[in-house]
Amino acid sequence: MHLSGNGKGGRNQELVLAAAEGIAGLKDTAVLSIGSDGTDGPTEAAGGYVDVETRRILRESGVDIYQVLQQNDSYHALKKAAD
């Protein structure tokens, strides 16, 4: 992955946030990705989690997933979605 933004997050958080678009609308589906070392980028999170509601929650909060990914700011988006 090439970092082009100035946001906060790690590889696992980026992965699950990108997956949120693909799983939206599916039934009983979630994506979890964690770092085995207990950290994910410059955050206190060990990774990230999204489910079929994440995209809806972010949209209702005015968050554009694609824009967040361009800024490499997955940490703040996932926190806003409580994921």
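The structure we're discussing is the one just above.
Residues numbered from 1 in each chain as written. Predicted model: local features only at pLDDT ≥ 70, side-chain atom pairs only at ≥ 80, totals over all residues. Heavy atoms only, no water.

### Concerning the overall build of the protein chain
Part 1 of the argument: A tally of regular secondary structure across the protein chain gives four helices and two strands.
Part 2 of the argument: Counting from the amino terminus, helix and strand elements in the protein chain follow one another as α-β-β-α-α-α.
Part 3 of the argument: What you see for the protein chain is a C-alpha radius of gyration of 12 Å, in line with the 12 Å of a compact globule of 83 residues.
Part 4 of the argument: Overall, the protein chain is about 30 × 25 × 20 Å in size when its C-alpha atoms are taken along their principal axes.
Part 5 of the argument: In the protein chain, buried positions account for 39% of the 83 residues.
Part 6 of the argument: At a minimum sequence separation of 6, the contacts of the protein chain that also span at least 24 residues come to 66%.
Part 7 of the argument: Of the roughly 4,900 Å² of accessible surface on the protein chain, 51% is carried by carbon and sulfur atoms.
Part 8 of the argument: The averaged location of the 12 negative side-chain charges in the protein chain is 3 Å from the averaged location of its 8 positive side-chain charges. (Helix = DSSP H or I, 4+ residues; strand = E, 2+ residues; numbered from the N terminus. Rg over C-alpha atoms; globule rule 2.2 N^0.38 Å. Buried < 20%, exposed > 50% of the residue type's maximum accessible area, 1.4 Å probe, protein only. Contact = heavy atoms within 4.5 Å. Areas by Shrake-Rupley, 256 points an atom, 1.4 Å probe, with all protein chains shown as cover. Lys, Arg positive; Asp, Glu negative; His and termini not counted. Charge placed at Lys NZ, Arg CZ, Asp CG, Glu CD.)

### Looking at helix α1 (residues 11-23)
Since the α-helix turns once every 3.6 residues, residues separated by three or four places project in the same direction.
Part 1 of the argument: With 13 residues, α1 should cover 18 Å at 1.5 Å per step; its first-to-last C-alpha distance of 19 Å lies within 8% of that length.
Part 2 of the argument: Within the sequence span of α1, burial applies to Asn12, Gln13, Glu14, Val16, Leu17, Ala20, Glu21 and Ile23.
Part 3 of the argument: Contact partners of the buried residues in α1: β1 (30-34), β2 (47-51), α2 (54-60), α3 (65-70) and α4 (74-80).
Part 4 of the argument: Positive backbone phi, at 90°, marks Gly25, one or two positions downstream of α1. (Expected span 1.5 Å × (residues − 1).)

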